[in-house]
Amino acid sequence: MIETYLRLVWAYIKIGLFGFGGGYAMLSLIHSEVVDSGWISNQVFTDIVAISQMTPGPIGINSATYIGYVVTGSVLGSLVATFTVVLPPFVLVLVASHFISRHSDSSVIKGAFMGLRPVVVGLIASAAMLLMNSENFGFELSERVISVMICLAAFCAVYFTKIHPIWVIVAAGVAGLIVF
């Protein structure tokens, strides 16, 4: 049992340390650590992402709390995963903020941030592709076509109009309820 906790700590230290760009950018790394390692199935991961999106708070922390519980079967596992995913960024921000504030005009700092921005976009795009699976889009061709149409409609509504995302989520839920 202690080995499970140590593996959980190591996995979430890595996720916290290298999870640049927020929760959605972290999803690929989280998937790699918890699904590819065999701790949970892709279906459970998809469910955890959905639940983490619906609950208040950052998706990376919410998913760590949930996965820690699922992997260990205990609240202690939730606390361990949550603490270890938060610890590395906390320490990094403390150290980096002091350094960056002293050297904010440096071309090296500006260049590093210019290099990190596209990586964050790429990681978020990777997370989107990771979630485009049969668990989210259906197994049958008709389910997939309808799911892709709902996905595209939601994207267009948010990207090209001033419709608030909450209304798009409600409309998508109603559409899914009616269609499926």
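Above this text you will find the structure in question.
Parameters at a glance
Residues numbered from 1 in each chain as written. Predicted model: local features only at pLDDT ≥ 70, side-chain atom pairs only at ≥ 80, totals over all residues. Heavy atoms only, no water. 1 Å grid on protein atoms, 1.4 Å probe; cavity = no way out; pocket = protein on both sides within 12 Å on 5 of 7 lines; lining within 4 Å. Points joined across faces, edges and corners; volume = space filled by probe spheres on them. Helix = DSSP H or I, 4+ residues; strand = E, 2+ residues; numbered from the N terminus. Nonpolar A, V, L, I, M, F, W, Y, C, P; charged D, E, K, R; others polar.

A. How the structure looks around the layout of surface pockets. Volume-wise, the largest pocket comes out at about 1600 Å³. Around the largest pocket, the lining is made up of 33 residues, and of these Gln53, Cys151, Ala154, Ile169 and Ala172 lie nearest the centre. The set of elements that each furnish at least two residues to the lining of the largest pocket consists of helix H2 (23-34), helix H3 (42-54), helix H6 (107-131), helix H7 (134-137), helix H8 (141-160) and helix H9 (165-179). In terms of residue count, H8 provides more of the lining of the largest pocket than any other element does, 9 residues in total. Looking at the lining of the largest pocket residue by residue, the classes come out as 23 nonpolar, 7 polar and 3 charged. What lines the second largest pocket is a set of 26 residues, among which Gly19, Phe20, Gly21, Leu92 and Val93 lie closest to the centre. When residues of the lining of the second largest pocket are traced back to their parent elements, those giving at least two are helix H1 (2-18), H2, helix H4 (59-72), helix H5 (75-102) and H6. Among the elements that take part in the lining of the second largest pocket, H5 stands out by supplying 8 residues, more than any other. When grouped by side-chain class, the residues that make up the lining of the second largest pocket number 19 nonpolar, 6 polar and 1 charged.

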